[in-house]
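Structure assessment
Here's the letter readout for the chains.
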Number of protein chains: 2
Amino acid sequence: MKTIRPVQNLIDEFRKLPTIGPKTAARLTYFLLKAPEAESLKLASAIGNLKSKTTVCQQCFNIAERDPCFICDDNRRESKLICVVEEPLDVVAIEGTGRFQGFYHVLGGVISPVAGVGPEELRIQELIERLRGGMVEEVILATNPSVEGEATAMYIKREIERQIKGENPAIRITRIARGLPTGGDLEYADKVTLSRALEGRIDF
Amino acid sequence: MKTIRPVQNLIDEFRKLPTIGPKTAARLTYFLLKAPEAESLKLASAIGNLKSKTTVCQQCFNIAERDPCFICDDNRRESKLICVVEEPLDVVAIEGTGRFQGFYHVLGGVISPVAGVGPEELRIQELIERLRGGMVEEVILATNPSVEGEATAMYIKREIERQIKGENPAIRITRIARGLPTGGDLEYADKVTLSRALEGRIDF
């Protein structure tokens, strides 16, 4: 026995979260024990409301308060641009740049044979359906620059070519640039990143 | 606006916790969004139950399910030994060693003029009262080896000498040992730790 049940319960629940190890779980729990009860109740209710007050946008498959989401519902955005990402957090990251005015499409993951995720588990066919009709001029594949992200981007590119190119031959398929991160150090960059930075060099 | 309200709410609540920065808060929130709702409800209820199902032991001031706590209520433990710690988590750490069979006394913090915590905010007078009657033979001061922890230990030592030594002259006041941590490297130890390790050397 390590500690009393209500405390151990919460430590165990915190430990199920990513990046939370046993020590952090205990620290968070004892922090809440010391904090005013109103604080922990606010946290508990925010967690309780998370699922009940959110839904999934049936157009872009992002987490939303209503369907369609506020991005898909925004007619000032450019409907000729679709940015394909893995997860809702990627939308938050790209929105944070303020440099993208098109629409999104959230795949819900990446193709990963190891994790048992095939293309049919992702929103790939839904993306293809959105591209029918010829409204979209460019699809930006913004999956992560990881092995699975690259493979998923490649798979989507082929599916668009196979299913859409016939009816919309002008459609552009682009991939977010890879290279040195800003503030990064050339000396410490890994070989793959440095090779990509060289290959992707642009006129200056 | 970064993200929708129920999501941002939870991110904000997570950020109030120690060791949780904005990125981790977002990651935890999106993890819960993807996890089955039952999981997040279990977490929410564990947080909700934390305060309502716990109390503070009025003997040792540790977090407890009932008063007195299961440690203070255990008559197989040695009543002549009291270990003084800063926080409930310290009790968990010492219990984890399995090497201490006495009772505890949780101060609820350390004397810290910077944070505005004086001796009267801590359970120091309650400790003194527990030492009356002469049952206790040794008080182990196990506050942290930090500036505040040392100062608090020193303050408690003086109070015991002033208030208790008269009626119980044989009472021992000890301090947990300082030295090199197991698995540590002498070469990388800071000067204070190394000096303490030398001063505290024992026959081998």
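Values in this document were obtained by computation on a predicted structure and should not be read as measured data.

Parameters and conventions
- Residues numbered from 1 in each chain as written.
- Chains lettered and ligands numbered in written order.
- Predicted model: local features only at pLDDT ≥ 70, side-chain atom pairs only at ≥ 80, totals over all residues.
- Heavy atoms only, no water.
- Domains from an automatic or database assignment.
- Helix = DSSP H or I, 4+ residues; strand = E, 2+ residues; numbered from the N terminus.
- Expected span 1.5 Å × (residues − 1).
- Buried < 20%, exposed > 50% of the residue type's maximum accessible area, 1.4 Å probe, protein only.
- Arc of directions from axis to C-beta.
- Pairing = 2+ DSSP bridges.
- Axes fitted to C-alpha atoms, helices over the stretch in contact; angles between N-to-C directions.
- Contact = heavy atoms within 4.5 Å.
- Salt bridge = Lys/Arg side-chain N within 4 Å of Asp/Glu carboxyl O.
- Core = buried A, V, L, I, M, F, W, Y, C linked by side-chain atoms within 4.5 Å.
- Parallel < 35°, antiparallel > 145°, perpendicular 65-115°, else oblique.
- Left-handed = near helix turned anticlockwise from the far one by under 90°.
- Nonpolar A, V, L, I, M, F, W, Y, C, P; charged D, E, K, R; others polar.
- Right-handed = clockwise from strand over helix to strand, strands pointing away.
- Polar contact = N/O pair within 3.5 Å; in protein donor to acceptor, adjacent residues only side chain to side chain.
- Least-squares fit on C-alpha atoms with pLDDT ≥ 70 in both.

Under the domain assignment, chain A is made up of domain 1 (5–53) and domain 2 (76–203). The C-alpha centroid of domain 2 of chain A is placed 35 Å from the C-alpha centroid of domain 1 of chain A.

Turning next to helix 6 (residues 147–163) of chain A. Residues and elements named next belong to chain A. Helix length check: helix 6 (17 residues) gives 24 Å between terminal C-alpha atoms against 24 Å at 1.5 Å per residue, within 8%. Along helix 6, the residues classified as buried are Gly 149, Thr 152, Ala 153, Ile 156, Glu 159, Ile 160 and Gln 163. Across the axial projection of helix 6, the buried residues extend over an arc of 130°, all falling on one side. Exposed positions of helix 6 whose direction lies more than 90 degrees from the buried face are Val 147, Arg 158 and Arg 162.

This next bit is on the sheet that holds strand 3 (residues 81–85) of chain B. All names here are of chain B. Taken in spatial order, the 4 strands of this open sheet run 4-3-5-6, and their pairing is parallel. Of all the strands in the sheet, the pair left with one neighbour each is strand 4 (103–106) and strand 6 (172–175). Strand-to-strand twist in this sheet, taken as the mean axis angle between neighbours without regard to direction, amounts to 25°. Here strand 3 pairs with strand 4 via 4 bridges, running parallel. In the strand pairing of strand 4, Ile 82 is matched with Phe 103. Along the sheet, helix 5 (residues 124–131) contacts strand 3, strand 4 and strand 5 (138–141); its crossing angle with strand 4, the most-contacted strand, is approximately 150°. Docked against the sheet, helix 6 (residues 147–163) engages strand 3, strand 5 and strand 6, running at close to 175° with respect to strand 6.

A word on unusual backbone geometry. All names here are of chain A. Geometrically, the link from Asp 67 to Pro 68 is a cis peptide bond, its omega value of 0° lying close to zero. Backbone geometry places Phe 61, a non-glycine residue, at a positive phi of 65°. One can find Phe 61 in the loop between strand 1 (55–56) and strand 2 (63–64).

Residue and element names in this part refer to chain B. With the rule as written, the count across this model stands at 36 salt bridges over all chains. With a shortest N-O distance of 3.3 Å, Glu 150 and Arg 175 are connected by a salt bridge. Placement of the pair is Glu 150 in helix 6 and Arg 175 in strand 6, with a sequence separation of 25 residues. Accessibility expressed as a relative area gives 22% for Glu 150, which makes it partly exposed. Note on Arg 175: relative accessible area 23%, which makes it partly exposed.

Counting 38 residues, the largest nonpolar core has A:Phe14, A:Ile47, B:Phe14 and B:Ile47 as the members making the most contacts within it. When residues of this core are traced back to their parent elements, those giving at least two are helix 1 (5–15), helix 2 (22–34) and helix 3 (37–52) of chain A together with helix 1 (5–15), helix 2 (22–34) and helix 3 (37–52) of chain B. If we ignore the near neighbours within four places in the chain, the residues touching B:Phe14 are A:Leu17, A:Leu43, A:Ile47, B:Ile20, B:Ala25, B:Leu28, B:Thr29 and B:Leu32.

What follows is about the packing of helix 3 of chain A against helix 2 of chain B. Look at helix 3 of chain A against helix 2 of chain B: their axes get within 9 Å of each other, and the N-to-C directions meet at 50°. What the angle tells us is that helix 3 of chain A and helix 2 of chain B run oblique. Considering the relative orientation of helix 3 of chain A and helix 2 of chain B, their crossing is right-handed. Contacts between helix 3 of chain A and helix 2 of chain B involve A:Ile47, A:Leu50 and A:Lys51 on the former and, on the latter, B:Thr29, B:Leu32, B:Leu33 and B:Lys34. Of the residues that constitute the contact of helix 3 of chain A with helix 2 of chain B, the class distribution is 4 nonpolar, 1 polar and 2 charged.

Quick look at the sheet that holds strand 4 (residues 103–106) of chain A now. Residue and element names in this part refer to chain A. Judged by pairing direction, the sheet is parallel, and its 4 strands sit side by side in the order 4-3-5-6 without closing on themselves. In the strand order of this sheet, the two ends are held by strand 4 and strand 6 (172–175), each with one partner. Taking each pair of neighbouring strands and ignoring which way they run, the sheet shows an average axis angle of 25°. Running at roughly 155° to strand 4, helix 4 (residues 88–97) makes contact with strand 3 (81–85) and strand 4 of the sheet.

All names here are of chain A. Side chains of strand 5 (residues 138–141) alternate between two faces, with Glu 138 and Ile 140 and Val 139 and Leu 141 buried alike. Across 4 bridges, strand 3 lies against strand 5 in parallel orientation. Note that in strand 5 the partner of Cys 83 across the bridge is Ile 140. Examined bridge by bridge, strand 5 and strand 6 share 4 bridges and lie parallel to one another. Note that in strand 6 the partner of Leu 141 across the bridge is Arg 175. You can see the chain leave strand 5, run along helix 6 and come back into strand 6, and the turn it takes is right-handed.

The subject of this paragraph is the environment of B:Arg77. Residue and element names in this part refer to chain B. Mapped onto the fold, Arg 77 is located in the loop between strand 2 (63–64) and strand 3. Using a relative accessible area of 11% as the deciding quantity, one classes Arg 77 as buried. In this structure the C-alpha to C-alpha distance between Arg 77 and Arg 99, which are 22 residues apart in sequence, comes to 12 Å. When neighbours within four sequence positions are excluded, Arg 77 is seen to be in contact with Ile 71, Glu 95, Phe 100, Gln 101, Gly 102, Phe 103 and Tyr 104. Within the structure, the side chain of Arg 77 is placed 2.8 Å from the backbone oxygen of Gly 102, a separation counted as a polar contact.

With that settled, the discussion passes to the relation of the copies chain A and chain B. When chain A is fitted onto chain B, the two copies agree to an RMSD of 0.0 Å after a turn of 180° and an axial shift of 0.0 Å. One copy is carried onto the other by what is essentially a two-fold rotation axis. Within chain A, A:Ala44 has its C-alpha nearest the rotation axis, a separation of 2.2 Å. The overlap is high: 100% of the interface residues of chain A also sit at the interface in chain B, so the same surface is used on both sides.

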